[in-house]
Amino acid sequence: MFAECTQARPAPARNRLLKGARTAAERQRVREVLQSVQGDQDQACAILGISRSTLWRRLRDEAPKA
């Protein structure tokens, strides 16, 4: 088994790790799709199955904080 599977962690710690991994994977997928459609947000939304406002929020949340 994998070491991370056998180590006992409190449920909240595991949940934070899973949430962080899911968020990172979603961000990577959005970047990949946007690159594959040369930045066409309408087309990216259709591929990802999300609305323009959801894409906007994900891009906003990814932007570096000033």
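None of these values were measured; they are calculated from a predicted model. (Residues numbered from 1 in each chain as written. Predicted model: local features only at pLDDT ≥ 70, side-chain atom pairs only at ≥ 80, totals over all residues. Heavy atoms only, no water.)

A. Examining the overall build of the protein more closely. Regarding its fold elements, the protein presents four helices and zero strands. If you sum the accessible surface of the protein, you get close to 5400 Å²; carbon and sulfur atoms cover 55% of it. (Helix = DSSP H or I, 4+ residues; strand = E, 2+ residues; numbered from the N terminus. Areas by Shrake-Rupley, 256 points an atom, 1.4 Å probe, with all protein chains shown as cover.)

B. Expanded view of the environment of S51. Tracing the chain through its elements places S51 in the loop between α3 (41-48) and α4 (52-62). We classify S51 as partly exposed; its relative accessible area is 35%. C-alpha of S51 to C-alpha of Q41: the two residues are ten residues apart in sequence and 9.7 Å apart in space. Here the side chain of S51 touches T54 through a polar contact of 3.1 Å, side chain to side chain. (Buried < 20%, exposed > 50% of the residue type's maximum accessible area, 1.4 Å probe, protein only. Polar contact = N/O pair within 3.5 Å; in protein donor to acceptor, adjacent residues only side chain to side chain.)

C. Local environment of the pattern of salt bridges. For the structure shown, the criterion picks out four salt bridges. The partner of E62 in a salt bridge is R31, with the nearest N and O atoms 2.9 Å apart. Of this pair, E62 sits in helix α4 while R31 sits in helix α2 (residues 11-36), and the two are 31 residues apart along the sequence. Given the relative accessible area of 38%, R31 is considered partly exposed. We note a salt bridge from D42 to R52, for which the minimum N-O separation is 2.8 Å. Taken as a pair, D42 in helix α3 and R52 in helix α4 lie far apart in primary sequence, ten residues in all. (Salt bridge = Lys/Arg side-chain N within 4 Å of Asp/Glu carboxyl O.)

D. View of the nonpolar core. Grouped together as the largest cluster of nonpolar side chains are eight residues: V30, V33, L34, V37, A44, C45, I50 and L55. Elements supplying a minimum of two residues to this core: α2 and α3. A per-element tally of this core places α2 first, with three residues. Beyond its immediate stretch of four places on either side in the chain, L34 contacts G39, D40, Q41, A44 and L59. (Core = buried A, V, L, I, M, F, W, Y, C linked by side-chain atoms within 4.5 Å. Contact = heavy atoms within 4.5 Å.)

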